[in-house]
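Listed here are the chains, written in short residue letters.
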Amino acid sequence: MPATFSTLAEFRTLLTHAPKIDAIALGEAQDRNGQLTKPPGALGRLEDLAIWYAGWRGTARPSIDAPQVIIFAGNHGVTAQGVSAFPAEVTEQMVMNFQHGGAAINQLSKAAGASLDVHALSLDVPTQDFTQTSAMDEAGVVDALVAGWNAVAPHTDLLVVGEMGIGNTTSAAAIAHALFGGQAEDWVGRGTGVDDAGLANKARVVREAVALHAGGDGLDTLMRLGGRELAAMAGAIAKARSLRIPVILDGFICTAAAACLAQTQPDALDHTVAGHASAEAAHRALLAQLDKQPLLALNMRLGEGSGGALAINILKSAVACHSGMATFAEAGVSDA
Ligand SMILES: O=C(O)c1ccc[n+]([C@@H]2O[C@H](COP(=O)([O-])O)[C@@H](O)[C@H]2O)c1
Ligand SMILES: Cc1cc2nc[nH]c2cc1C
């Protein structure tokens with residue numbers, strides 16, 4: 001299916017007309033959950049997750065057979081401001097590592113039974129330094145949204161989007177500050193490990209960038225302060241929505257990209273769940289803004305979709321219980 005948008009305005013319209021959860025399947029899944037051989041509520045949040053998943057899939061007794069992890073990689077002009085502990089060439093080097101199977105995400109995807117795709121987005125042409133001008137122009141952000149849109153396999157039944165991009169915690173912090181206010185210091189963190197001086201420099205960069213690029217909606221902010229991998233994650237999340245494929249969000253950068261959708265269309269993240277809370281300081285605040293409760297909190301701050309991939313195991317387990325358990329009637333167990 002070719003992408004059905006070629007401007008930001010067309011993409012906005014798509015978000016507005018996105019499908020909603022299937023209310024009938026949701027109700028049937030709630031009924032089934034009430035009949036399963038366990039005290040009511042004893043599986044806690046796993047029950048809510050399975051019912052939510054069933055609603056999006058449009059069937060009361062779903063299964064998860066084809067989860068997909070997609071990593072998007074991008075390079076950032078803002079690295080000229082000295083915002084990362086690592087040099088920009090690490091982005092491309094890590095892409096090769098992903099392709100050779102040597103990164104954490106290769107192991108985590110395999111352990112979760114998920115396929116893994118890697119999309120490197122024009123790494124030789126970094127986005128513009130957004131302390132000086134817009135990171136991307138409209139054609140550039142649309143290209144990246146389309147790359148994400150086209151990367152989702154149609155048979156996927158659970159999607160994780162992740163990223164690789166030296167400098168992108170600064171981009172994510174600038175987006176969060178632009179969308180949710182507060183002070184630049186509230187949204188910057190150490191990323192790959194900058195020291196105190198580096199952290200102060202990031203706050204300066206974010207403050208200047210947000211002052212330069214005030215106004216607009218979430219997609220304008222994505223264009224001005226984002227990066228190609230952030231826009232591609234947003235495009236993939238929107239494509240998944242159009243196919244009613246539930247999405248597990250990863251860390252701070254992934255959540256910032258998703259927030260751009262939510263600030264454009266308030267229900268745009270209803271088909272998503274937060275896989276984990278990253279150790280990047282501002283991730284929890286960003287999740288709170290989106291009213292998302294993370295499934296895991298393991299002090300991870302890797303990116304690559306790693307926290308999302310880990311959480312596939314939780315979703316799979318929730319759905320396996322929901323669809324595989326016997327009812328009280330089937331098992332001959334006395335109800336309360
Ligand atoms: O996912 C997260 O919450 C996260 C937190 C800190 C760092 N990262 C990863 O580290 C890179 C960005 O860090 P930095 O310091 O270069 O901005 C990028 O490749 C991300 O995948 C990711
Ligand atoms: C080595 C390395 C691996 C990463 N994976 C995601 N972001 C990363 C940043 C660095 C520096």
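In the nomenclature of an unreviewed UniProt entry, the protein corresponds to Nicotinate-nucleotide--dimethylbenzimidazole phosphoribosyltransferase from the organism Shimia litoralis. Checking UniProt for the protein, the heading Function (unreviewed entry) contains the comment "Catalyzes the synthesis of alpha-ribazole-5'-phosphate from nicotinate mononucleotide (NAMN) and 5,6-dimethylbenzimidazole (DMB)." Of the comments in the UniProt record for the protein, the one headed Pathway (unreviewed entry) reads "Nucleoside biosynthesis; alpha-ribazole biosynthesis; alpha-ribazole from 5,6-dimethylbenzimidazole: step 1/2."

A. Quick look at the nonpolar core. Judged by nonpolar contacts, the single largest core of 104 residues is most densely connected at Ala-234 and Ala-236. Top contributing element to this core by residue count: helix 12 (residues 252–262), with ten residues. Leaving out residues up to four positions away in the same chain, Ala-236 has contacts with Ile-70, Gly-148, Trp-149, Ala-151, Val-152, Leu-159 and Val-161.

B. A look at the site of ligand 2. The environment of ligand 2 is made up of Phe-86, Val-90, Met-94, Met-164, Thr-192, Leu-302, Gly-303 and Glu-304. Of the residues that constitute the shell around ligand 2, the class distribution is five nonpolar, two polar and one charged.

C. Here's a closer look at the site of ligand 1. Lining the immediate environment of ligand 1, one finds 24 residues, of which Ser-84, Gly-191, Gly-251, Ser-278 and Gly-303 sit closest. The set of elements that each furnish at least two residues to the shell around ligand 1 consists of strand 3 (158–164), helix 7 (168–180) and helix 12. Ranked by the residues each element gives to the shell around ligand 1, the list is headed by helix 7, at three residues. Here the shell around ligand 1 is composed, by residue class, of seven nonpolar, twelve polar and five charged.

D. Highlighting the packing of helix 5 (residues 104–111) against helix 14 (residues 306–324). Axis separation between helix 5 and helix 14 bottoms out at 8 Å; the angle between their running directions is 15 degrees. In terms of their interaxial angle, helix 5 and helix 14 are classed as roughly parallel. Considering the relative orientation of helix 5 and helix 14, their crossing is left-handed. Between helix 5 and helix 14, the residues in contact are Ala-104, Ile-105, Leu-108 and Ser-109 and Ser-306, Ala-309 and Leu-310, respectively. Taken together, the residues of the contact of helix 5 with helix 14 sort by class into five nonpolar, two polar and no charged.

E. The arrangement of the sheet that holds strand 5 (residues 272–274) in detail. Spatially, five strands are ordered 2-1-3-4-5 in an open sheet, and the strand pairing comes out parallel. Every other strand in the sheet has two partners, leaving strand 2 (115–120) and strand 5 as the edge strands with one partner each. Each neighbouring strand pair of the sheet contributes to a mean axis angle of 25 degrees, computed without reference to strand direction. For strand 3 and strand 4 (residues 247–249), the ladder comprises two bridges, and the chain directions are parallel. Looking across to strand 4, one finds that Val-160 is bridged to Ile-248.

How each quantity is defined
Residues numbered from 1 in each chain as written. Chains lettered and ligands numbered in written order. Predicted model: local features only at pLDDT ≥ 70, side-chain atom pairs only at ≥ 80, totals over all residues. UniProt positions renumbered as here; feature names shortened; annotations may be inferred. Core = buried A, V, L, I, M, F, W, Y, C linked by C-beta atoms within 7 Å. Buried ≥ 20, exposed ≤ 12 C-beta atoms within 10 Å, placed from the backbone. Helix = DSSP H or I, 4+ residues; strand = E, 2+ residues; numbered from the N terminus. Contact = placed C-beta atoms within 7 Å. Near = placed C-beta within 6 Å. Nonpolar A, V, L, I, M, F, W, Y, C, P; charged D, E, K, R; others polar. Axes fitted to C-alpha atoms, helices over the stretch in contact; angles between N-to-C directions. Parallel < 35°, antiparallel > 145°, perpendicular 65-115°, else oblique. Left-handed = near helix turned anticlockwise from the far one by under 90°. Pairing = 2+ DSSP bridges.

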